[in-house]
Amino acid sequence: MGSISENCLGWAARDTSGVLSPYNFIRRDTGPDDVSLTITHCGICYADVAWAKNIPRNTIYPVVPGHEIVGIVREVGSNVRRFKVGDHVGVGPYVNSCKTCEHCKIREEVHCDAETTHTFNSVDEDGTITRGGYSSYIVVQEGYVFKIPDNYSLISAAPLLCAGITVYAPMMRHKMNEPGKSLGVIGLGGLGHLAVKFGKAFGLHVTVFSTSNSKKDEALNLLGADKFIISSDMQQMESSAKSLDFIIDTASGDHPFDPYMALLKPSGVLVLVGFPSEVKFNPMSLLAGSKVISGSVAGGTKDMQEMLDFCAANNIHPEVEVIPIQYVNEALERMENRDVKYRFVIDIANSLK
């Protein structure tokens, strides 16, 4: 079949300054199992800053970040059955996996034994380095592309593909979708604000924990939380002892864990999705009350599609600030300073020229 192969325009970081600027590169031709999509929007995730600045120490420069990708199908390979030209689609943090291990077989590809191929800064099966969504189009194997329901906005879908799935997957795994149960959310950023929205959609009683009072009004009135607690207020914390079935900890700053463990009911679960420099707690915080601490990162393709469908069906939309690509360096800096409500989305379609 004839294939669209041309220059792809992106924005890349060249060195550890992490500063992005325009960058032209070639994407592979659309293969028989591939979907090629015109990117309309891309969410900004902390991973974008991390790899742009080589914080994980494995960046291959130039790096084109972005793994909250949405757009419109422009071409499909001859074997592709699930998508057609014009479909609204999304791509998340990975674009390939082994497909044969026990995890891939149950669509938990994020745990692939051979390690998933990340959407950017990873080596693809053809030996090329993957480049992400800060670009005009992308070519991805069909199995790692998601259908975005027609009635759901592409802008809203972008942050779901990493921030959303990172909280949705563990919420489903730990059965947090039982109405009437109680959920605590630590940190109110991109992940935290979606944990609150999902919690309310699941019928949970949701308490937000924050270090600053400045987010109280939005937590309660915009996001619909039931309760807001300043985490440094020991009196408020102690009066909530043994009141929560679940806690989702999205905070990436260092914080104590014992005060939060004390808020869990017996057999309660704390899920860590943030990235503090260390996790420390007294063994009794875990032993007394048979409590659970669990980690989670992203999610499999089954959960991803379910989440997109759930958000469309329940009218759940992330709170976003839409920016042109020319503003991306300022946005990355603002995100590092937690100055965004609550996720940046780059308008690729109207600004990447």
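About the cut-offs
Residues numbered from 1 in each chain as written. Predicted model: local features only at pLDDT ≥ 70, side-chain atom pairs only at ≥ 80, totals over all residues. Heavy atoms only, no water. UniProt positions renumbered as here; feature names shortened; annotations may be inferred. Core = buried A, V, L, I, M, F, W, Y, C linked by side-chain atoms within 4.5 Å. Buried < 20%, exposed > 50% of the residue type's maximum accessible area, 1.4 Å probe, protein only. Helix = DSSP H or I, 4+ residues; strand = E, 2+ residues; numbered from the N terminus. Contact = heavy atoms within 4.5 Å. Pairing = 2+ DSSP bridges. Axes fitted to C-alpha atoms, helices over the stretch in contact; angles between N-to-C directions.

- Going by the annotation in an unreviewed UniProt entry, the name recorded for the protein chain is Enoyl reductase (ER) domain-containing protein, with Kingdonia uniflora given as the source organism.
- According to the UniProt record, the Sequence similarities (unreviewed entry) comment for the protein chain reads "Belongs to the zinc-containing alcohol dehydrogenase family."

**Considering the nonpolar core**
Part 1 of the reasoning: Membership of the largest hydrophobic core comes to 97 residues, with the highest contact counts inside it found for Ile44, Tyr134, Leu183, Phe198 and Met307.
Part 2 of the reasoning: The biggest single contributor to this core is helix H3 (residues 154-173), with twelve residues.
Part 3 of the reasoning: Setting aside residues up to four positions removed in sequence, Leu183 forms contacts with Met171, Met176, Ala195, Gly199, Leu204, His205, Val206, Thr207, Leu244, Phe246, Ile247 and Ile248.
Part 4 of the reasoning: Within the second largest apolar cluster, 14 residues are counted, among which are Tyr260, Leu263, Leu264 and Leu270.

**Topic: the sheet that holds strand S13 (residues 244-249)**
Part 1 of the reasoning: Judged by pairing direction, the sheet is parallel, and its six strands sit side by side in the order S12-S11-S10-S13-S14-S15 without closing on themselves. Every other strand in the sheet has two partners, leaving strand S12 (227-230) and strand S15 (292-295) as the edge strands with one partner each. Strand-to-strand, the axes of this sheet are offset by a mean angle of 20°, without reference to chain direction.
Part 2 of the reasoning: For strand S14 (residues 264-272) and S15, the ladder comprises four bridges, and the chain directions are parallel. Among the inter-strand pairings, Val271 is bridged to a residue of S15, identified as Ser294.
Part 3 of the reasoning: Together, strand S10 (182-186), strand S11 (205-210) and S13 form the strand contacts of helix H4 (residues 190-201), whose direction differs from that of S10 by roughly 170°.

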